[in-house]
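Survey of secondary and tertiary structure
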Amino acid sequence: MRLATKKDHQFIAQCFIETSKVIKSIASDIYIDGMPDTIDAPTYNIASDFIEKDNAISLITERNNKPIACLLGKIGKTSFPPSGLNETRTPIN
């Protein structure tokens, strides 16, 4: 694996598309159905958020000098609520 560079931008965007195709093949809802089938401007912009940024990492795996997979990570705000460790929580029924 190697760190991704700007030359990998298109490949990373295509990885997002391939992932959405897999998700669409196994599930369906309004959000999933709206996922793009081809690279569009928002997908391209999201991919750029992972390349050469201080709060993100993007790794590329190659075979015969051709990218075949990517691994992306980013530090940012979560969409999940705080865990509430050591707190008593009352379930909502």
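Refer to the structure above for everything that follows.
A brief structural summary. (Residues numbered from 1 in each chain as written. Predicted model: local features only at pLDDT ≥ 70, side-chain atom pairs only at ≥ 80, totals over all residues. Heavy atoms only, no water.)

With that out of the way, let us pick up the pairing of strand β3 (residues 66-74). The sheet contact formed by strand β2 (residues 56-63) and β3 spans 8 bridges and is antiparallel. In the strand pairing of β3, Arg63 is matched with Lys66. Counting the residues in the hairpin turn of β2 and β3 gives 2 residues, including Asn64, whose phi is positive at 55°. (Pairing = 2+ DSSP bridges. Helix = DSSP H or I, 4+ residues; strand = E, 2+ residues; numbered from the N terminus.)

With that settled, the discussion passes to the sheet that holds β3. The antiparallel open sheet is built from 3 strands, whose spatial order is β1-β2-β3. Either end of the sheet is taken by a strand with one partner, and the two such strands are β1 (2-3) and β3. Of the strands in this sheet, β2 and β3 are in contact with helix α1 (residues 9-26), which crosses β3 at around 80°. (Contact = heavy atoms within 4.5 Å. Axes fitted to C-alpha atoms, helices over the stretch in contact; angles between N-to-C directions.)

Such coordinate-based values are descriptive only and should not be taken to indicate function.
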